[in-house]
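Take a look at the letters that make up each chain.
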Amino acid sequence: MNFKPHKTSRTNETTLIRGGWLKPCLPLLLIVLLLGGTAIRSQQNPGISVDVKVVNIFATVRNKHGEIVKDLNKDDFVLDEDGRPQTIAYFTQETNLPLTLGLLVDTSMSQRRVLGDERSASFTFLDHVLREGRDKAFVIHFDKEVELLQDLTSSKKKLESALNLLESPDQDGGYSSGGGRGSRGSHGGAGTLLYDAVYLASNEMMSKQQGRKALIILSDGVDHGSKESLDSAIVSAQRADTLVYSILFSGEEGNGGGLGGFGRGGGMGPWGGMGGGGRRRYPQENRPDGKKILDRMSKETGGHLFEVSKKQSVDQIYSLIEDELRNQYSLGYTPVKTDSTASYHRIHLTAKNKDLTVQARDGYYSDR
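All values reported here derive from a predicted model rather than from experimental measurement. (Residues numbered from 1 in each chain as written. Predicted model: local features only at pLDDT ≥ 70, side-chain atom pairs only at ≥ 80, totals over all residues. Heavy atoms only, no water.)

Caption draft 1: Here's a closer look at the overall build of the chain. Tallying secondary structure elements over the chain gives seven helices and 17 strands in all. When each of the 368 residues of the chain is scored for burial, the buried share is 51%. By sequence separation, contacts in the chain at least 24 residues apart represent 75% of the contacts at least 6 residues apart. Roughly 16,900 Å² of accessible area belongs to the chain as shown, and the carbon and sulfur atoms make up 48% of that amount. (Helix = DSSP H or I, 4+ residues; strand = E, 2+ residues; numbered from the N terminus. Buried < 20%, exposed > 50% of the residue type's maximum accessible area, 1.4 Å probe, protein only. Contact = heavy atoms within 4.5 Å. Areas by Shrake-Rupley, 256 points an atom, 1.4 Å probe, with all protein chains shown as cover.)

Caption draft 2: Molecular detail of the pattern of salt bridges. In this structure the tally under the stated criterion is eleven salt bridges. Asp231 serves as the salt-bridge partner of Arg296, at 2.5 Å between the closest nitrogen and oxygen. Highlighted residues: Arg296 in helix α6 (residues 290-301) and Asp231 in helix α5 (residues 230-239), separated in sequence by 65 residues. Here the salt bridges do not stand alone but share partners, grouping Asp231, Arg296 and Glu300 into one network. (Salt bridge = Lys/Arg side-chain N within 4 Å of Asp/Glu carboxyl O.)

Caption draft 3: Representation of α6 in the model. Under the 1.5 Å per step criterion, the end-to-end length of α6 is 17 Å for twelve residues, consistent within 8% with the ideal 16 Å. Those residues of α6 not exposed but buried are Gly290, Ile293, Leu294, Met297, Ser298 and Thr301. For α6, the angular spread of the buried residues around the axis is 125 degrees, confining them to a single face. Of the exposed residues in α6, the ones pointing more than 90 degrees away from its buried face are Lys292 and Lys299. The inward-facing, buried residues of α6 contact α4 (194-205), β11 (212-219), α5, β12 (243-248) and β13 (304-307). Its side-chain oxygen at 3.0 Å from the backbone nitrogen of Lys291, Asp289 defines the N-terminal cap of α6. After α6 finishes, the residue Gly302 shows a positive phi value of roughly 95 degrees. (Expected span 1.5 Å × (residues − 1). Arc of directions from axis to C-beta. Polar contact = N/O pair within 3.5 Å; in protein donor to acceptor, adjacent residues only side chain to side chain.)

Caption draft 4: Structural detail: the nonpolar core. Counting residues in hydrophobic clusters, the biggest one holds 31 residues, and the most contacted among them are Leu101, Ile216, Tyr318 and Ile321. When contributions to this core are tallied by element, the ones reaching two or more residues are β8 (99-106), α2 (115-129), β9 (136-142), α3 (156-163), β11, β12 and α7 (314-326). Tyr318 has contacts with Leu103, Ala121, Ser122, Phe125, Ile216, Leu218 and Ile247, leaving out every residue within four places of it along the chain. Core analysis: the second largest hydrophobic core is formed by 29 residues, Tyr195, Ile234, Leu248 and Met297 among them. (Core = buried A, V, L, I, M, F, W, Y, C linked by side-chain atoms within 4.5 Å.)

Caption draft 5: Molecular detail of the sheet that holds strand β6 (residues 84-85). Taken in spatial order, the four strands of this open sheet run β6-β5-β15-β17, and their pairing is antiparallel. In this open sheet, the two strands that pair with only one neighbour each are β6 and β17 (363-365). As defined by bridge partners, strand β5 (residues 77-81) adjoins β6 across two bridges and the pair is classed as antiparallel. Counterpart to Asp80 in the pairing with β6 is Pro85. (Pairing = 2+ DSSP bridges.)

Caption draft 6: Examining the packing of α5 against α6 more closely. One can describe the packing of α5 onto α6 by two numbers: an axis separation of 9 Å at closest approach and a directional angle of 30 degrees. Compared by their axis directions, α5 and α6 come out roughly parallel. Seen along the crossing, α5 lies across α6 with a hand that is right-handed. Across the interface between the two elements, Leu230, Asp231, Ala233, Ile234, Ala237 and Gln238 from α5 touch Ile293, Arg296, Met297, Glu300 and Thr301 from α6. Of the residues contributing to the contact of α5 with α6, the split by class is six nonpolar, two polar and three charged. (Axes fitted to C-alpha atoms, helices over the stretch in contact; angles between N-to-C directions. Parallel < 35°, antiparallel > 145°, perpendicular 65-115°, else oblique. Left-handed = near helix turned anticlockwise from the far one by under 90°. Nonpolar A, V, L, I, M, F, W, Y, C, P; charged D, E, K, R; others polar.)

Caption draft 7: Region of interest: the environment of Ala197. Along the polypeptide, Ala197 turns up in helix α4. Sequence separation between Ala197 and Glu228 is 31 residues, and the spatial gap between their C-alpha atoms is 9.1 Å. For Ala197, the residues in contact, after removing those within four places along its chain, are Leu104, Phe142 and Val146.

Caption draft 8: View of the side chain of His141. Structurally, the position occupied by His141 is in strand β9. Of the polar contacts made by the side chain of His141, one reaches the side chain of Thr107; its length is 2.7 Å. A polar atom in the side chain of His141 sits 2.9 Å from the side chain of Glu147.

Caption draft 9: The pairing of strand β15 (residues 344-351), seen in detail. As defined by bridge partners, β5 adjoins β15 across five bridges and the pair is classed as antiparallel. From the neighbouring strand, Phe77 faces β15, where its bridge partner is Ala351. The sheet contact formed by β15 and β17 spans three bridges and is antiparallel. Directly across from Arg346, in β17, lies its bridge partner Gly363.

Given below as structure tokens:
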């Protein structure tokens, strides 16, 4: 499965995401040790190797006022896997591991009025968070197709240029002028391929990266025409050990407003076929709740849902996400008495102080 190619307006050259396009990297031993759910080898004596599985969890802790708590140690946490108590073996309050960010921007008709705010706020966020030569980010937009606007890069200039390409399709299925986008073809119809975007970003991009990983979705949360389901999108992020942060823009018709009066599922999908096979995914009278969809994605991957409102701007939300990413606890453990027949293992991480709330992923896949 591939992203749609993007042609730049300056060179008109086409770049593709293909399986295996990333160059192999040589991770530091510490990064490998902390990689969630991955079997590794530790050599204690020459000629003797022992298989050790270490599961890593990134966690954010808040008090009852919603403030991030930054002064805990491993003895302040209680951890179990599939109901069995586990011992936390690795713990750090500083997260110096490389950070990979994926920005997924909904450019469907329901979001066209907020794209300007999203552009400026997104660049300010990336400018603050990314450390030169250490962290990387990519930019994807999705509407009736999923397109990679900027490959993984540490260049803030390239990321800014990609954000300037964001635009919404017009009523005829084309794209409004401005923004410097190259040729996109003349695919008709409309769509919002949210699930496909998360699935592709997780499988094609994040699964090949080490260290801390997070997707940031800017959308109203309503999918129209994806080939993937909500469940498969979440599973893909979980398998890639990727947090999902959601920024909810309610769109022009309120929460879950979607595409207004335009058709559903008729656009070209990211693999060259009709988006969703042309089927109507949701009846007009029974629209899904986009907020619940984004909330589920975030909770089940260890991320957080934020909602843009008059009291909380997208700039303020980005500041909160930045604060979370800078103040995560990293916990690692070697599972004991794991059910070898199960591919998915439930994790339950809590604080001994009942007034504190722990935000972390709720499980991992052992068959990766």
